[in-house]
Amino acid sequence: MRTDPADPLPKLTPAHPQPPAHPQPPAQTQTQTQAPANPTAPAHLPASVHAPAHAPVSVPVPGDRPDDATAPAPLRVVLAEDAVLLREGLVGLLARFGHETVAAVGDARALADAVAAHDPDIVVTDVRMPPGFQDEGLRAAVELRRARPALPVLVLSQYVQRAYAADLLDSGDGTGVGYLLKDRVGQVQQFLDALRTVADGGTVVDPEVVRQLLRRRRDPLERLTPREREVLALVAEGRSNSSVARELVVSEAAVVKHIGNILAKLDLPPAGDTRRVLAVLAYLRA
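Right, let's walk through the structure included here.

Thresholds applied
- Residues numbered from 1 in each chain as written.
- Predicted model: local features only at pLDDT ≥ 70, side-chain atom pairs only at ≥ 80, totals over all residues.
- Heavy atoms only, no water.
- Core = buried A, V, L, I, M, F, W, Y, C linked by side-chain atoms within 4.5 Å.
- Buried < 20%, exposed > 50% of the residue type's maximum accessible area, 1.4 Å probe, protein only.
- Helix = DSSP H or I, 4+ residues; strand = E, 2+ residues; numbered from the N terminus.
- Contact = heavy atoms within 4.5 Å.
- Pairing = 2+ DSSP bridges.
- Axes fitted to C-alpha atoms, helices over the stretch in contact; angles between N-to-C directions.
- Salt bridge = Lys/Arg side-chain N within 4 Å of Asp/Glu carboxyl O.

## Details of the nonpolar core
- Counting residues in hydrophobic clusters, the biggest one holds 30 residues, and the most contacted among them are Val 78, Leu 111, Val 155, Leu 168 and Tyr 179.
- Of all the elements in the fold, those that place two or more residues in this core are strand 1 (76-80), strand 2 (100-105), helix 2 (108-118), helix 3 (136-147), strand 4 (153-157), helix 4 (162-170), strand 5 (177-181) and helix 6 (207-216).
- A per-element tally of this core places helix 3 first, with 5 residues.
- Setting aside residues up to four positions removed in sequence, Val 78 forms contacts with Val 102, Ala 103, Leu 111, Ala 114, Val 115, His 118, Pro 120, Ile 122, Val 123 and Val 124.

## Some points on the sheet that holds strand 3 (residues 122-126)
- Within the open sheet, the 6 strands sit side by side as 2-1-3-4-5-6. Their pairing is parallel. Each of the sheet's edge strands pairs with one partner strand only, and the pair in question is strand 2 and strand 6 (203-205). Neighbouring strand axes in the sheet, compared pairwise and without regard to direction, differ in orientation by 20 degrees on average.
- Relative to strand 2, strand 1 is paired through 5 bridges, and the arrangement is parallel. Residue pairing for strand 2: Leu 79 is matched across the bridge by Ala 104.

## Re the pattern of salt bridges
- By the definition in use, this model includes 8 salt bridges.
- Asp 119 serves as the salt-bridge partner of Arg 148, at 2.5 Å between the closest nitrogen and oxygen. Of the two residues, Arg 148 sits in the loop between helix 3 and strand 4 while Asp 119 sits in the loop between helix 2 and strand 3, which places them 29 residues apart along the sequence.
- Overall, the relative accessible area of 27% leaves Arg 148 in the partly exposed class.
- Its relative accessible area of 47% is what places Asp 119 among the partly exposed residues.
- Across the pair Lys 182 and Asp 126 runs a salt bridge whose closest N-O atoms are separated by 3.3 Å. On the criterion of sequence distance, the pair formed by Lys 182 in the loop between strand 5 and helix 5 (188-199) and Asp 126 in strand 3 is long-range, its members being 56 residues apart. The exposure classification of Lys 182 matches that of Asp 126, with both residues buried.

Listed below in structure tokens is the structure:
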């Protein structure tokens, strides 16, 4: 068929529709699974629960939780402290960290009774207790260790009582025993560590106690003056104060003063009927 050049070209309709040159992907629906944000995360968990690949991972450490099977067992404690406020404070502190105070007493006799009644894991005791407020608690601890060498004992004190501290540390086989100054109780973690160490059979000694005991190992008479040594030598012979005074040609009051100085320098108790005997023993051991 001829067409006029002025006429437009006729539109041809293909017999079979042709697919587009570049097929378009089907539109995503709301139910399509999204790729996880972290490619290393398991595909079965949503991306929102996975930390980024660079985030630190917290690994539980055995003992972090109270119910952890590896956590140390709570301790059953007998506590002896005559000061009510400190005693109650220690009871609360022990409870806060999971330990049980099976008895809290205020004198040495009650301490011995409580240990017999409760068979504790550890004894925590003060040094000065009624009735004399000198070294009753420490002496009670030494006696407990003699009767029960495996009983762990932790002594708390405001000062170093050297007369019995060495006996305590030598009691039993020397294990499961501790001597701390009360200043350490204010350092809670240090106190708790010492409590656990002693209960487990270790030995914990305050650095000041060590210094005092090392000082005691030296010649106890080296701190005495020559005149005080003369007086002590005569006392060791069994002489009375008046006899010593006549021998040294001094007043009896001067002898009493010398003896007082001797007792103080030998770290003997400030009162008691056995002071002269202890002084003589120190002289004989030197």
